[in-house]
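Spelled out from the first residue to the last, the chains are:
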Amino acid sequence: MNDASEPDIPSPRALELFQPNPNVLYSLDATAHLARVSRRSVLIYCRAGLVRPVFEPPYGVMVFTEGAIFTIRRIEDLRTIHGIGLAWIKSMFDLLDEVERLRAEARFFSNQ
């Protein structure tokens, strides 16, 4: 009955780190379905620069990675739960990208 006696069995409420598979691509319809949003929402997020699709040659079909699906879910949470607009979300994502760039730069200089 004690969960501590079973260390190899993860708790059903345990958080899992999201590790997107870069080799898997999803169509616009599949992306919208997996992210639980409309196709229109995905296209709006692309136009706002929040999500970047991958274009598959030779037809230029718009496809998305698992990372894009995760990003769309984050955008939806920020919009629906926290009431944050797309312009603010874009600013937040830009700042997070800048922080990551600075961290990488700091790691590079600390290894020299």
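The structure presented is a predicted model; accordingly, all values stated were derived computationally and were not measured. (Residues numbered from 1 in each chain as written. Predicted model: local features only at pLDDT ≥ 70, side-chain atom pairs only at ≥ 80, totals over all residues. Heavy atoms only, no water.)

1. Here's the deal with the side chain of glutamate 76
Tracing the chain through its elements places glutamate 76 in helix α3 (residues 66-80). Aside from chain neighbours lying at most four places away, what touches glutamate 76 is Val37, Tyr45 and Ile81. (Helix = DSSP H or I, 4+ residues; strand = E, 2+ residues; numbered from the N terminus. Contact = heavy atoms within 4.5 Å.)

2. Focus on the pattern of salt bridges
Evaluated as defined, the whole model comprises 6 salt bridges. The shortest N-O distance in the salt bridge between aspartate 94 and lysine 90 comes to 3.2 Å. You can see aspartate 94 and its partner lysine 90 sitting in helix α4 (residues 86-110), 4 residues apart, about one turn around the helix. By relative accessible area, aspartate 94 is classed as partly exposed at 37%. Between glutamate 100 and arginine 107 there is a salt bridge; the shortest N-O distance is 3.4 Å. According to the relative accessible area criterion, glutamate 100 is partly exposed, its value standing at 38%. Here the residues in one salt-bridge network are Glu98, Arg101 and Glu105, joined through shared partners. (Salt bridge = Lys/Arg side-chain N within 4 Å of Asp/Glu carboxyl O. Buried < 20%, exposed > 50% of the residue type's maximum accessible area, 1.4 Å probe, protein only.)

3. Quick notes on unusual backbone geometry
Although it is not a glycine, arginine 36 adopts a positive phi angle of roughly 60°. With respect to the secondary-structure elements, arginine 36 resides in the loop between α1 (28-35) and α2 (39-47).

4. Looking at the layout of surface pockets
In this structure, the largest pocket encloses a volume near 290 Å³. Lining the largest pocket are 14 residues; nearest its centre among them are Leu50, Arg52, Thr71, Phe93 and Asp97. Counting residues per element, the lining of the largest pocket draws most heavily on α4, which supplies 5 residues. Of the residues belonging to the lining of the largest pocket, the class tally is 5 nonpolar, 4 polar and 5 charged. (1 Å grid on protein atoms, 1.4 Å probe; cavity = no way out; pocket = protein on both sides within 12 Å on 5 of 7 lines; lining within 4 Å. Points joined across faces, edges and corners; volume = space filled by probe spheres on them. Nonpolar A, V, L, I, M, F, W, Y, C, P; charged D, E, K, R; others polar.)

5. Some remarks on the environment of leucine 28
Tracing the chain through its elements places leucine 28 in helix α1. Placed 14 residues apart in sequence, leucine 28 and valine 42 show a C-alpha to C-alpha distance of 7.8 Å.

6. Topic: the packing of aromatic side chains
As enumerated under the stated definition, the model contains 1 aromatic pair in all. Ring geometry for phenylalanine 108 and phenylalanine 109: centres 5.3 Å apart, planes at 70°, overall edge-to-face. (Phe/Tyr/Trp six-rings, centres within 6.5 Å; stacked < 30°, edge-to-face > 60°.)

7. Digging into the confidence of the model for the chain
Residues with a pLDDT of 70 or more make up 79% of the chain, whose mean pLDDT is 85. Per-element confidence in the chain is highest for α2, whose mean pLDDT is 95, and lowest for strand β2 (residues 54-56), whose mean pLDDT is 80. (pLDDT = per-residue confidence, 0-100.)

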